[in-house]
Amino acid sequence: MTVWREAVGTPAARVEGPAKVTGRAGYTYDRPMTDPAYAYPVQATIARGRVTSIDSTAAAGVEGVLAVVTHRDAARLADTGDAELAVLQSDEVGFRGQFVGVVVAETPQAARYAAGLVRVEYEQWPHDTELRADRPGLYAPEQVNGGFVTDTDEGDVDAALEAAAVTVDRVYTTPMEFNNPMEPHASVAVWDPGEWAPGGGFAEDARLTLFDSTQGPHVVRSTLAQVFGLPPERVRVISPYVGGGFGSKGMPHAHNVLAVLAARAVPGRPVKLALTRQQMFALAGHRTPTIQRVRLGAGADGRLTAVAHEVVEHTSAIKEFAEQTAVGARMMYAAPNRRTSHRLAALDVPVPSWMRAPGEAPGFFALEVAMDELAQACGLDPIELRARNDPEVDPESGRPWSGRHLVRCLREGAARFGWAERTAPGTRLVGRELVGLGVAASTYPYYRFPGSRAVVEYEGGGRYTVRIGAADIGTGAWTALTQIAADALGCRLRAVRVEIGDSDLPAATVAGGSSGTTSWGSAVVAACRAFRHVYGEQPPAGAEAGADMPDDDPDAERFAMHSFGAQFAEVRVDADTGEVRVPRMLGVFSVGRVVNPRTARSQFIGGMTMGLSMALHERGVLDHRTGHVINHDLAEYHIATHADVVDVDAVWLDEEDVHAGPLGARGIGEIGIVGAAAAIANAVHNAAGVRVRDLPITPDVLLR
Ligand code: MOS
């Protein structure tokens, strides 16, 4: 028989593409169900306090209303340790928009109408939603997201800054930002048989099925099993198609629990709950605003002697999430003296969470604009400055890089982008537009999370099925895993069918941290090898073998493993209105092996587009009087639209990282956003001579 090794590296079309474009792909809320009921939440209208009374008489009287559930009658949860998920467990309100009830009805219209009739009265307590760097009560969290230490201090930063020939000392800010995947968060919960034991517990045989728009069905299953006190095998989470997540669907949120509580009111019936776009702004996580002080010290030749990156950001008072904003500054440049810190204000705000490249995305806006300022102060080209500060080994761990090709990315991008045509700031006027070019560096760590398993079955007739409970949130995972399996089995792409998106499939880690392809792919490779080891090339029909992702990753202990990239932007600033246009962006990335150039390109340019959006548009506005995110929809929370995105291109180095597991790939989902906003801000400076340190870059700032 012929052994094929032709799938990985080819631009295979999305295997689920036909189902998606013909409407056959069943997204969570749209899935046909027998006799569904519909849930609509009631949300708190105060930022902090206590519910004193709830009158649901009028709501209950609406035709078609089946139940109104509030903290007075909601089931007691087994585990309320996660305050975000302790839904309807007490009368306390921790942020505006928090769930205080849910209406279940025969139609979505009746549920929504009735929810508006629920009368809730409150005792209001003083609240505080305003982040400032000088506010009292800032604290150092025990660690920051990703398990990183909160602070680092290497060498003597103060002495190095004192002695430096050139210094930059600036404060950069980024606003509250919101994930807006096309498909809003949705859950459909079914209790079967739905018997409840006395005392509010669950019957021995109760089973919960949750159709969910999630980045990790297994994570949702294990979390909800714990929250509801069920053995995990009695919970099933199904999520074959997911319309984007970007981190906001990376862990269960309150609406998952609310849907399950609502379904208790109608045992055996599926209860559908979809957050509205407006509700997502309080309930689907957000990126914390950041206040970042960056200090750089360098010799006259631009060689860095000190890097200090000190971050102030917020978390919700009810649950801590500490974005790892300064972590990238620990490894990026060769300064011997480095200090990073994170301080949090615990505010009466919705719970922040993951948003594409948490940490690096806001952190590299500050760091990479600061590097541009240093280049200017030293009279150096920004690419040359970065080349001079490219460390031989990881400054933080002292380990050799598995492959650090940042300078190659910068030089390659410079040649492709026409960097040589860049002029001095504010000197290139074309018509009534100031034209400028900007660059920024980008990085993202290699993550391969343990805990995934894949199973291969031979169906006969030359066909294989590969099963793993992974999630394709639009990234192309479905296709990439098919390619990986085909090569590992040595068969044609079309001989392999992959099944994902169901917690009844073998365990899989979350689609997060740009780790999906590397983690799940490693499990798939291991399973395919195990299959061939047992059955050889001529398996009997029905033959099956599985394997866990190998736990040991010795190279990850020996090498510093990060992807890198160079972001380029051209901007045109209208000299009369201050309006910024971005006619061109180019990203050059070094990410190890690329499994599928078509879906990879889509990830890169998608990330860069989010970066453009971050640079020019996105800003959540909290009204501190009410704790309300006032621009909580796509009419007022601006994101880049088609007309804003002209020519965004991405290329990558042809390489394989031999230390990055069996695939040689380091992950690509997040690096596209990192540095993109800085490249635009730096281009704005080159165009107009105005240094903008606060995002987003709006016309009023440039006119001033
Ligand atoms: Mo991503 S923010 O790790 O889902």
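Reading guide: rules and limits
- Residues numbered from 1 in each chain as written.
- Predicted model: local features only at pLDDT ≥ 70, side-chain atom pairs only at ≥ 80, totals over all residues.
- Heavy atoms only, no water.
- Helix = DSSP H or I, 4+ residues; strand = E, 2+ residues; numbered from the N terminus.
- Rg over C-alpha atoms; globule rule 2.2 N^0.38 Å.
- Buried < 20%, exposed > 50% of the residue type's maximum accessible area, 1.4 Å probe, protein only.
- Contact = heavy atoms within 4.5 Å.
- Areas by Shrake-Rupley, 256 points an atom, 1.4 Å probe, with all protein chains shown as cover.
- Lys, Arg positive; Asp, Glu negative; His and termini not counted.
- Charge placed at Lys NZ, Arg CZ, Asp CG, Glu CD.
- Pairing = 2+ DSSP bridges.
- Axes fitted to C-alpha atoms, helices over the stretch in contact; angles between N-to-C directions.
- Left-handed = near helix turned anticlockwise from the far one by under 90°.
- Phe/Tyr/Trp six-rings, centres within 6.5 Å; stacked < 30°, edge-to-face > 60°.
- Lys NZ or Arg CZ within 6 Å of the ring centre and 35° of its normal.
- Polar contact = N/O pair within 3.5 Å; in protein donor to acceptor, adjacent residues only side chain to side chain.
- Parallel < 35°, antiparallel > 145°, perpendicular 65-115°, else oblique.
- Nonpolar A, V, L, I, M, F, W, Y, C, P; charged D, E, K, R; others polar.

Next up on the list: the overall build of the protein. Summing up its helical and strand segments, the protein has 16 helices and 26 strands in all. On C-alpha atoms alone, the protein measures out to a radius of gyration of 26 Å, which is about the 27 Å that the 2.2 N^0.38 rule sets for 704 residues. Counting only residues that meet the buried cut, the protein has 62% of its 704 residues in that class. Taking as baseline every contact in the protein between residues at least 6 positions apart, the subset at least 24 positions apart corresponds to 82%. Of the roughly 25600 Å² of accessible surface on the protein, 49% is carried by carbon and sulfur atoms. Separation of charge centres in the protein, based on 66 positive and 86 negative side chains, amounts to 4 Å.

What follows covers the pairing of strand S12 (residues 271-274). By the bridge criterion, 2 bridges tie strand S1 (residues 37-43) to S12 in an arrangement that is parallel. Along S12, the bridge assignment pairs tyrosine 38 with lysine 272. As paired strands, strand S9 (residues 186-192) and S12 are joined by 4 bridges and run antiparallel to one another. The residue bridging alanine 186 from the neighbouring strand is alanine 274, located in S12.

What follows covers the sheet that holds strand S10 (residues 207-212). One open sheet holds the 7 strands; their spatial order is S3-S5-S1-S12-S9-S10-S11, and the pairing between them is mixed. Here the strands that pair on one side only, and so sit at the sheet edges, are strand S3 (65-70) and strand S11 (235-238). Mean inter-strand twist for the sheet, computed between neighbouring axes without regard to direction, equals 20°. In this sheet, strand S5 (residues 99-105) lies alongside S3 in antiparallel orientation, the contact comprising 5 bridges. Looking at the pairing, valine 69 lines up with valine 102 of S5. Strands S9, S10 and S11 of the sheet are contacted by helix H5 (residues 217-228), whose axis makes an angle of about 145° with S11.

What follows concerns the packing of helix H8 (residues 360-378) against helix H15 (residues 676-688). Packing of H8 against H15 leaves a shortest axis separation of 8 Å and a crossing angle of 35°. Here the hand of the crossing between H8 and H15 comes out right-handed. Facing H8, whose interface residues are Phe364, Phe365, Glu368, Val369, Asp372 and Gln376, H15 presents Ala677, Ala678, Ala681, Asn682 and His685.

Right, let's talk about the packing of aromatic side chains for a bit. For the structure shown, the criterion picks out 18 aromatic pairs. Where phenylalanine 531 meets tyrosine 535, the ring centres are 5.0 Å apart and the plane angle is 45°; that geometry is what we call tilted. Taken together, the positions of phenylalanine 531 and tyrosine 535, both in helix H12 (residues 516-535) and 4 residues apart, correspond to about one turn of that helix. A residue is classified by how much of its surface remains accessible, and tyrosine 535, at 28% relative accessible area, is partly exposed. One aromatic cluster is present, formed by Tyr458, Tyr464, Phe531 and Tyr535 through successive ring pairs. Over the face of the ring belonging to tryptophan 401 we find arginine 404, whose NZ or CZ atom lies 4.9 Å from the ring centre. Directly above the ring of tryptophan 4 sits arginine 492, whose terminal nitrogen or CZ lies 3.8 Å from the centroid.

Structurally, the position occupied by threonine 340 is in strand S15 (residues 337-347). The buried category is assigned to threonine 340, whose relative accessible area is 1%. In the structure, threonine 340 is positioned 300 residues away from tyrosine 40 in sequence and 44 Å away in space, judged by C-alpha atoms. Once you skip the residues sitting within four places of it in the chain, threonine 340 turns out to touch Thr150, Asp151, Thr152, His309, Ala326, Ala329 and Arg330. Reaching out from threonine 340, the side chain makes a polar contact with the side chain of threonine 152 at a distance of 2.6 Å.

Right, let's get into the packing of helix H11 (residues 477-489) against H12. It is the contact of H11 with H12, at a shortest axis distance of 9 Å, that shows an interaxial angle of 30°. Regarding the angle of H11 to H12, the classification is roughly parallel. Crossing angle aside, the handedness with which H11 passes H12 is right-handed. Residues Ala477, Leu481, Ile484, Ala485, Ala488 and Leu489 of H11 form the contact with H12, whose participating residues are Thr517, Trp520, Gly521, Val524, Val525, Cys528, Phe531 and Arg532. Of the residues assigned to the contact of H11 with H12, the class counts are 11 nonpolar, 2 polar and 1 charged.

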